[in-house]
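Architecture at a glance
Okay, here's what each chain looks like letter by letter:
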Amino acid sequence: MSTFDYLTPAEAVTATQATAPEYQRITGLKGVDADRIPNVIPEEPWRAHGHLDKFKEIARVEWAKDADPGTAEVFYTDGSADLIKRDGLLCIERPINN
């Protein structure tokens, strides 16, 4: 079972840094650009569950070098990447431990 969080680019960059508390870290979790999930809104995070096939394991998140200011680049363990613009969100699947 899992729950879903939606992070701004700044929150996503912070959540992959070694100084982030363990409960905030997203490295090794699965995520996806929220724009890739149709009709999803942060107020109804459970809707993301139907799109788990689009989620990929996160390797790191950095500020994008060749993009608009405020854009984060999400690097996945499969070698692919997504750009999350300043007003975009990164959807994270967080496992619930019983």
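The following refers to the structure shown. (Residues numbered from 1 in each chain as written. Predicted model: local features only at pLDDT ≥ 70, side-chain atom pairs only at ≥ 80, totals over all residues. Heavy atoms only, no water.)

Some remarks on the packing of aromatic side chains
Per the counting criterion, the structure on display carries one aromatic pair. A cation sits over an aromatic face here: R60 above F75, 3.9 Å from the ring centre. (Phe/Tyr/Trp six-rings, centres within 6.5 Å; stacked < 30°, edge-to-face > 60°. Lys NZ or Arg CZ within 6 Å of the ring centre and 35° of its normal.)

Description of the pattern of salt bridges
Within this structure, the stated rule accounts for seven salt bridges. Note that R94 is salt-bridged to D5, the shortest N-O span being 2.3 Å. Within this pair, whereas R94 is found in strand β6 (residues 90-95), its partner D5 is found in strand β1 (residues 2-7), the two being separated by 89 residues in sequence. Judged by its relative accessible area of 15%, R94 falls in the buried class. Relative accessible area serves as the criterion here: at 27%, D5 is assigned to the partly exposed category. Close ionic contact of K65 with E62 constitutes a salt bridge, the shortest N to O distance being 3.8 Å. Accessibility expressed as a relative area gives 68% for K65, which makes it exposed. Members of the salt-bridge network, linked through shared partners, are R60, E62 and K65. (Salt bridge = Lys/Arg side-chain N within 4 Å of Asp/Glu carboxyl O. Helix = DSSP H or I, 4+ residues; strand = E, 2+ residues; numbered from the N terminus. Buried < 20%, exposed > 50% of the residue type's maximum accessible area, 1.4 Å probe, protein only.)

Brief notes about the sheet that holds strand β4 (residues 72-76)
Taking strand neighbours across the sheet as the criterion, the six strands line up as β1-β6-β2-β3-β4-β5 in an open arrangement whose pairing is antiparallel. Only two strands of the sheet have a single neighbouring strand rather than two, namely β1 and β5 (81-84). Neighbour to neighbour, the strand axes of the sheet diverge by 30° on average, direction disregarded. Pairing between strand β2 (residues 30-33) and strand β3 (residues 56-63): two bridges, direction antiparallel. By the bridge assignment for β3, K30 is matched with E57. (Pairing = 2+ DSSP bridges. Axes fitted to C-alpha atoms, helices over the stretch in contact; angles between N-to-C directions.)

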